[in-house]
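Chain and residue survey
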Amino acid sequence: MSSLFYWLEPWEPSPTVVIAVLLAAVLFARGARKARVSIARHVSFWFGLTALYVALHTRLDYFFEHEFFMHRLQHLVLHHLGPFFIALSYPGAALRAGIPFSWRQRWLKPALEKPSARMALRVLFNPIVAVTLFVGLIYFWLLSPIHFKAMLDWRLYRAMNWSMVIDGLMFWWLVLDSRPAPPARLAPGLRILVVIAAIPPQIMLGAYIFFTPHELYPIYSICGRAFTWISPMRDQQIGGLLLWIPGSMMSVIGALIAIRHWLRLSTRERLVSQRMKGVDAKPERVAVSVG
Amino acid sequence: MALLSLYNALKRMLALLLVGTVLTACSHADAPWKLTDVSGHLPDLSFDLTDDNGQPVTGHSFEGQTTLVYFGYTHCPDVCPETMARLMQVLQQLGPEAKDVRIVFITVDPARDTPAALHAYVRAFDAEHAIGLTGTDSAVEGIAKRYRVAYQMEKRDAKGAYDVTHSSAVYIFDSHGHARLLATETDSIDAIANDVRRVVESPSS
């Protein structure tokens, strides 16, 4: 028990993490009583949220800071695993119901209806932007000079980790949406394309890191490694493999789920398109299917 | 609509690229450094430790002096003596300018490195410019965490002796206590001396 507390002690305490996780937990717990949430979705949400907390705010952070493959493992949780399970639990309705009604009326609705907010959401959830952001963030933080500074500067380090979490939540929420479009942002077929498009770039970068015969990220040798029994090159190779295989595997699983949603919706989709034939096609729908 | 979204996507990518260039370029205002420039990325020199005479010291104790901070321990078999020897050669190259330079040896093994042990070890290299610092476990862990230094105790042998693996980097702070450069094992003595001289002559404001 005491060793559990030892591991749960945050390496670098961050009030932001505590507040954000607590807020999500309280809203979901409150809202899940009103909105109907199945046990499977409960399990999925709490697993995802716990995974995010453990990857952000425990003593494991020492190893994430000082061993490249551990860092990759952390990002696998922050960008793929945690957000994936949270999105899979489809918590939007519950989180919304968790906010007191008067607050929803006074703050949330007006904020979401602002033209600037709608514009921002439309840009962020555009399929090209979503894939570019998802892959781009992985590439950006793994550029050698950027990675060096991110591992040294605690502000950049936190910005890096938060950017992965937020982007992961946006991406998987977009991809794992089970509803027809609209109200979902992307058409069911497009969701499959988006998640598949993210696979090759991850494989390429993972393979590049794995096969590079020299140290790409010297910061770990300079600041010292947590696992001294693993050579720097081996550390780099495991890190590359983690991006290459489990990283792209998560996308494959995401694609399978998106395909299942698509198949399930296909009859209803036909109904929607039949309905649309009579009326003029909504411009928004056309844009989504073209973009 | 589709065109607009594409345009926004491009704008987003450009912004990311721009941030990248700024992050890498901001450190190369004038001639490039031979060591690794870390200006603005690491916190200022600050700690509460005990020096090798048993006196309390803080980061402010070194105001006005350029400090080369190194994390090591006196039982260290090879890396620490080698690094200390290299830093002695740097001081020699600096000549008279070395008077405002201090080598700060912070132990990562406070259990064995008492002020007296540190005094004997560090002053053997240089009684004038080198100083050893120790403190409580948490104080040492705190400063190591602050500068992202990894260190850990390895397994004890039959006699109870143990090694402590640790970073071999030398952190260079200017006379205002701002972190400026990182020197590694692969940097030559000439390169370190050259850049330390530049820091002594032009501390950041």
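The text that follows walks through the structure, step by step, so that each part is easy to find.

Cut-off values and rules
- Residues numbered from 1 in each chain as written.
- Chains lettered and ligands numbered in written order.
- Predicted model: local features only at pLDDT ≥ 70, side-chain atom pairs only at ≥ 80, totals over all residues.
- Heavy atoms only, no water.
- 1 Å grid on protein atoms, 1.4 Å probe; cavity = no way out; pocket = protein on both sides within 12 Å on 5 of 7 lines; lining within 4 Å.
- Points joined across faces, edges and corners; volume = space filled by probe spheres on them.
- Helix = DSSP H or I, 4+ residues; strand = E, 2+ residues; numbered from the N terminus.
- Nonpolar A, V, L, I, M, F, W, Y, C, P; charged D, E, K, R; others polar.
- Buried < 20%, exposed > 50% of the residue type's maximum accessible area, 1.4 Å probe, protein only.
- Polar contact = N/O pair within 3.5 Å; in protein donor to acceptor, adjacent residues only side chain to side chain.
- Phe/Tyr/Trp six-rings, centres within 6.5 Å; stacked < 30°, edge-to-face > 60°.
- Lys NZ or Arg CZ within 6 Å of the ring centre and 35° of its normal.
- Salt bridge = Lys/Arg side-chain N within 4 Å of Asp/Glu carboxyl O.
- Core = buried A, V, L, I, M, F, W, Y, C linked by side-chain atoms within 4.5 Å.
- Contact = heavy atoms within 4.5 Å.
- Pairing = 2+ DSSP bridges.
- Axes fitted to C-alpha atoms, helices over the stretch in contact; angles between N-to-C directions.
- Right-handed = clockwise from strand over helix to strand, strands pointing away.

Here we come to the layout of surface pockets. Taking a probe equal in size to a water molecule and rolling it over the atoms shows the remaining empty space. Taken as a whole, the second largest pocket holds about 470 Å³ of empty space. Lining the second largest pocket are 21 residues, and of these A:Tyr6, B:Glu141, B:Tyr151, B:Gln152 and B:Met153 sit closest to its centre. Here the element with the most residues in the lining of the second largest pocket is helix H4 (residues 137–146) of chain B; it accounts for five residues. When the residues that make up the lining of the second largest pocket are grouped by side-chain class, the tally is 15 nonpolar, one polar and five charged.

The next subject is the side chain of A:Asn126. Residues and elements named next belong to chain A. Along the chain, Asn126 turns up in the loop between helix H8 (115–124) and helix H9 (127–142). Looking at Asn126, the relative accessible area reads 6%, which means it is buried. A polar atom in the side chain of Asn126 sits 2.8 Å from the backbone nitrogen of Ile128.

This brings us to the packing of aromatic side chains. The geometry of an aromatic ring pair is captured by the separation of the ring centres together with the interplanar angle, meaning the angle of the planes. Enumeration over the complete set of coordinates arrives at 30 aromatic pairs over all chains. Ring geometry for A:Phe171 against A:Trp172: centres 5.2 Å apart, planes inclined by 85 degrees, an arrangement best described as edge-to-face. Using a relative accessible area of 1% as the deciding quantity, one classes A:Phe171 as buried. Centre to centre, the rings of A:Phe210 and A:Phe211 are 4.9 Å apart; their planes meet at 85 degrees, and the pair counts as edge-to-face. According to the relative accessible area criterion, A:Phe210 is partly exposed, its value standing at 22%. Above the plane of the ring of A:Tyr157 lies B:Arg148, whose end atom (NZ or CZ) is 4.8 Å from the centre. One residue, B:Arg198, lies across the ring of B:Trp33, its end atom 3.9 Å from the ring centre.

Residue and element names in this part refer to chain A. Within the structure shown, the criterion is met by three cavities of 30 Å³ or more. Of the voids in this model, the largest cavity is the one considered here, and its volume is about 100 Å³. Taken together, Glu12, Ser14, Val17, Leu56, Asp61, Gln74, Tyr157, Arg158, Asn161 and Trp162 form the lining of the largest cavity. Per element, the largest residue contribution to the lining of the largest cavity is four residues, and it comes from helix H11 (residues 154–175).

Let us now look at the pattern of salt bridges. Residue and element names in this part refer to chain A. Taken as a whole and assessed by the stated rule, the structure comprises 13 salt bridges over all chains. Two residues, Glu9 and Arg59, come together in a salt bridge whose shortest N-O distance is 3.4 Å. A residue pair is termed long-range when its members are at least 10 positions apart, and Glu9 in the loop between helix H1 (2–8) and helix H2 (15–34) and Arg59 in the loop between helix H3 (39–56) and helix H4 (60–66) qualify at 50 residues. For Glu9, a relative accessible area of 41% corresponds to the partly exposed category. We note a salt bridge from Arg225 to Glu215, for which the minimum N-O separation is 4.0 Å. Of this pair, Arg225 sits in the loop between helix H14 (219–223) and helix H15 (232–278) while Glu215 sits in the loop between helix H13 (199–211) and H14, and the two are ten residues apart along the sequence. Residue Glu215 is classed as partly exposed on the basis of its relative accessible area of 31%. A network of salt bridges, in which partner residues are shared, links Glu67, Glu215, Arg225 and Asp235.

In this section: the nonpolar core. One finds B:Phe71, B:Leu133, B:Tyr147 and B:Tyr171 to be the most contacted residues of the largest nonpolar core, which totals 111 residues. Every residue in contact with B:Phe71, bar those within four places of it in the chain, is listed here: B:Ile106, B:Val108, B:Ile143, B:Ala144, B:Tyr147, B:Val149, B:His166, B:Ser167 and B:Tyr171. Within the second largest apolar cluster, 25 residues are counted, among which are A:Ala87, A:Val123, A:Leu133 and A:Trp172.

What follows concerns the sheet that holds strand E2 (residues 48–51) of chain B. Strands belonging to one sheet form pairs held by backbone hydrogen bonds; the direction of such a pair is parallel or antiparallel. Residue and element names in this part refer to chain B. The sheet built from eight strands is open, its strands ordered E1-E10-E9-E4-E5-E6-E2-E3 with mixed pairing. Only two strands of the sheet have a single partner each, and these edge strands are strand E1 (36–37) and strand E3 (56–58). Bridge count for strand E5 (residues 101–107) against strand E6 (residues 130–134) is four bridges, and the pairing is parallel. Looking at the pairing, Phe105 lines up with Gly132 of E6. Packing of helix H2 (residues 79–94) onto the sheet brings it into contact with strand E4 (66–72), E5, E6 and strand E9 (170–173), and relative to E5 it is tilted by some 170 degrees.

Another point: the pairing of E6(B). Within a regular strand, the side chains alternate between the two sheet faces. Residues and elements named next belong to chain B. Counting buried residues in E6 gives five out of five residues, a clear majority hidden from the surface. Residues of E6 alternate between two faces, with Ala130, Gly132 and Thr134 on one and Ile131 and Leu133 on the opposite face, all of them buried. Note that E2 and E6 share two bridges and pair antiparallel. From the neighbouring strand, Asp51 faces E6, where its bridge partner is Leu133. Handedness of the crossover joining E5 and E6 through helix H3 (residues 115–125): right-handed.

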